[in-house]
Structure formats: C-alpha cells, structure tokens
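Each chain is listed here by its residues.
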Amino acid sequence: MITCPTLCIKEMHCYFHFQASGSLQGSRKGLRLLPMAEDKHNKNPLKVLESVGKELLTGILDDLVEKNVLKLEEPEKKKFHDAKPEDKARILVDSVKQKRHEAGQVLAQTFLNMDKNSMKDLSKIAAGPAESAESTDTLKLCLREEFLTMSKERAEEIYPIKEKSDRTRLALIICNTEFDHLPLRTGAEFDIMGMKGLLEGLGYSVDVREKLTAQDMESVLWAFAARSEHRSSDSTFLVFMSHGILDGICGTLHSNETPDVLPYDTIFRIFNNRNCLSLKDKPKVIIIQACRGENRGELWVSDSPEATTDSSSQPSVNLEEDAIYKTHVEKDFIAFCSSTPHNVSWRDITKGSVFITQLIACFQKYSWRYHLEEVFRMVQRSFDKPDVKAQMPTIERQSMTRYFYLFPGN
C-alpha cells in the first residue's frame, strides 16, 4: 500500500515540518509531511511543496547513481555529484532513457519503500520490460510471483509447469546443412546457434543432430522419444531445419530421382500417446524451417480488383530458398511451420533463416507474458507485410487443450 502525504489546511494557512523516515536505503531519509503549529518563519506553503519536490527528486537521482543503475563513468559521476540539484536531472536524462527498467525498479523502491530482499530478487530478472520497436537479444524473464499466481489461479486453463529442481526438460534440434545432391544451406549455423541458445534459456537440455538421412532422422526421433527424462519433464521442443518438399523434410541423400524424405506423419506418430507415454498430456512443440513447395507466396496487388497478378520478384542477394507439410497429429501437439503449403521459405546466408530469426526475437521479447500460441502469432504478424521476400508462417495441427506458458526464469 502506498501512503500519500496528507496536507492539513487550517484557516487558509498550511504549515509543515519534515520528519525523517528510515525506511529508505542510503543516507537519504524519506520525507513525511506533518501538520504543525504555525512556525516562526511563516513560509509560503507552495514554496514548501516545491522544496519537498526538489529534495525528493534529488534523492531519487542520487539513488540511481549510487546503485550504479546508469553505469556512469567516474568523470560522469563526479560531474553529477558536483552539479547543483536543479541540474542533476538534465545530466542524467539521456542515461535514464536507455535504462528505463532498472531506473523503474529504483523508483519503485523509493516510493513503495520495498525492503532490501525484495529488491535483490527483483533485480535478478528483467520482467515486465517496456515495449519497444527495437529488437532484443535477451530473453525476458517472468516474475516468480506472477508465475505462482497464474499457476494457482489458472490451474485448469494452463499446462502445469514443474519446478526447476524436479524437472528434466529435453529439446531436439535436427539440422541438415550439407547434401549430396542439393545446395548447401549457407547460414544454417546461425539457426542452430540461435535456437540452441533460446531453448537452453527456456530451461531445456538441447540435443543437436546434423547431417542425417531420412532413416537417420527417424532413428534419432525414436531414441529421443524413449529418453527417460521425459517422465520428469513438462514439455518438449522438436526443431527441424533442412530443405523440404510438401510431404516432409529432406535427408542428406535426397534427389528428384531418389527421394530421401522424412514424412511429417512419422514425427507425430513417434511422439503420440501410443508410442511416447512419457509425454502424454504434455505440450509437444514442433518447429519446422523448410520450404513446402516452389511458389514464391506473394502477389503484386493493385487498387484495381482486375489487376492482380503473380509475382516473381528477383531474390535478394543474401536470400536462398528452403521446404514442409502438416500431417495428422494427436493430443497436445502444435506445429509451427515457416511457410504456407506449396510455398518457399527464405534464409539469409549471412544471418540465418528469416523465420527462425523472427521466432527467436519474439520468444525473447514476449514469452515472459504470453502463451505459446500468442507468441507464434507475434511471429506471424512480423511477416504481415511482405518485405524483400514473402512468406507466411503457419500454426498447424493444433491439438493443445490448454494454454502453454513457458514462464522463462521459473
């Protein structure tokens, strides 16, 4: 509860004295306004309030510097400490703009008188970040209190999350980069690195497999489904990145004459409730980066309804095509594919796949507060307006009966 100062007005005169409160940290004391008898100075009450505001603001700015929230260099700190109170805000304003979240924590402590232990816990995580159009490479974490509250209040709506100390989450990444008859998937190494880092940040032990034929991929999937760790896990991620066709993911031996394809139905069959009881009633998230055909997936559209034609834009220098298909799934599955059926997916040879890049960014920015499907929709929205090359990720074979919140950090 926030206790606001009370102003006592008596016969059109308002007089105050300042009482120190030891509830705030540091050498500064909290200021409490108390009514008192008319003092000998008979100060203008508005001047008194102005003085209070200046002193309180100065104390807050001092706190930001003392806690090194703004990470000032020594010359900057000296300039701040030597400055007049009315100049301190101007000196720090640029740094505060770039440190909104940390500064906000100190402000909260100052005004709400939060205890030291609470602030230590709060400072460990970056929950509730200010929304920004800027990209982020840091996974935002969820407050412990929010995790516990949602887990209790929405227990019937969301998938249960096991405690860190009790769970053994596993994730599998299969990525084919080199092929005997297909082009090299240049830039795929960025996808592996990015997805591995993301999943580890979400609390999964990640198994990465590369250069697999279709038969090898199936063998790896059966072995992964049989892992005993799934019994004490609460979910799993399966990530596939390769060339592809409408019917499945290409193995390293694939050619038009001799297909080497892992059908998507095989993935769902291996992890269904008949063959993988350890993951029964637990979210099974399948992410697929691959082409699903050869179409470009974009149109040039005129204001005239008769002027719609197919587009065959020249590809960007750094973009290459990739492919996939949706198949039958059972309960608690969700598949997130990089493009719609019959259309290509794009990969930047200097950065990695466009879909994977956007997916990682949206997980980092939004998974602390949104459930999985909503995070996926955030990814889709990032492709809403075709850029250099068009593709539209799709959510498919969704058979989840609850919302899946990842609660990163918990």
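Shown above is the structure to which this text applies.
The following paragraphs examine the structure supplied in this document.

Okay, the overall build of the chain next. Within the chain, the secondary structure is distributed over 11 helices and 16 strands. Counting every position in the chain, which comprises 410 residues, the buried fraction comes to 44%. In the structure as shown, the chain presents an accessible area of about 22,200 Å², 51% of it carried by carbon and sulfur atoms.

To continue, consider the sheet that holds strand 8 (residues 261–263). Reading across from one edge, 6-7-8 is the order of the three strands in this open sheet, with antiparallel pairing throughout. Bordering the open sheet on either side are strand 6 (244–245) and strand 8, each of which pairs with just one other strand. By the bridge criterion, three bridges tie strand 7 (residues 248–250) to strand 8 in an arrangement that is antiparallel. What sits directly across from Ile249, in strand 8, is Leu262. Packed on one face of the sheet, helix 8 (residues 214–225) meets strand 7 and strand 8 and runs near 40 degrees to strand 8.

Of all the 11 residues making up helix 11 (residues 372–382), eight are buried; the element is thus mostly covered by neighbouring parts of the structure. Residues of helix 11 that are buried include every one of Leu372, Glu373, Glu374, Val375, Phe376, Met378, Val379 and Gln380, and no others.

With that settled, the discussion passes to helix 8. Spanning 12 residues, helix 8 covers 17 Å between terminal C-alpha atoms, matching the ideal 16 Å at 1.5 Å per step. For helix 8, every residue scored as buried is listed here: Ala214, Met217, Val220, Leu221, Phe224 and Ala225. Down the axis of helix 8, the sector holding all buried residues measures 130 degrees, keeping them to one side. Taken together, the buried residues of helix 8 touch strand 3 (170–175), strand 4 (205–210), strand 5 (236–241), strand 7, strand 8 and helix 9 (264–270).

The mixed open sheet is built from six strands, whose spatial order is 4-3-5-9-13-16. Where the open sheet ends on each side, the last strands, each with one partner, are strand 4 and strand 16 (394–396). Ignoring strand direction, the axes of neighbouring strands in this sheet form an average angle of 15 degrees. Two strands pair when backbone bridges link them, and strand 9 (residues 284–289) and strand 13 (residues 333–337) are joined in this way by five bridges, in the parallel orientation. Residue pairing across strands places Ile286 opposite Ala335, the latter belonging to strand 13. Its contacts with the sheet put helix 7 (residues 188–201) on strand 3, strand 4, strand 5 and strand 9, and the angle it makes with strand 3 is roughly 175 degrees. Where helix 8 meets the sheet, it contacts strand 3, strand 4 and strand 5, and its direction lies at approximately 175 degrees from that of strand 3.

Now for the side chain of Ser278. Looking at the element boundaries, Ser278 is found in the loop between helix 9 and strand 9. Of the residues examined, Ser278 reaches a relative accessible area of 18% and is grouped as buried. Apart from residues lying up to four places away in sequence, Ser278 is in contact with His230 and Arg231.

Parameters and conventions
Residues numbered from 1 in each chain as written. Predicted model: local features only at pLDDT ≥ 70, side-chain atom pairs only at ≥ 80, totals over all residues. Heavy atoms only, no water. Helix = DSSP H or I, 4+ residues; strand = E, 2+ residues; numbered from the N terminus. Buried < 20%, exposed > 50% of the residue type's maximum accessible area, 1.4 Å probe, protein only. Areas by Shrake-Rupley, 256 points an atom, 1.4 Å probe, with all protein chains shown as cover. Pairing = 2+ DSSP bridges. Contact = heavy atoms within 4.5 Å. Axes fitted to C-alpha atoms, helices over the stretch in contact; angles between N-to-C directions. Expected span 1.5 Å × (residues − 1). Arc of directions from axis to C-beta.

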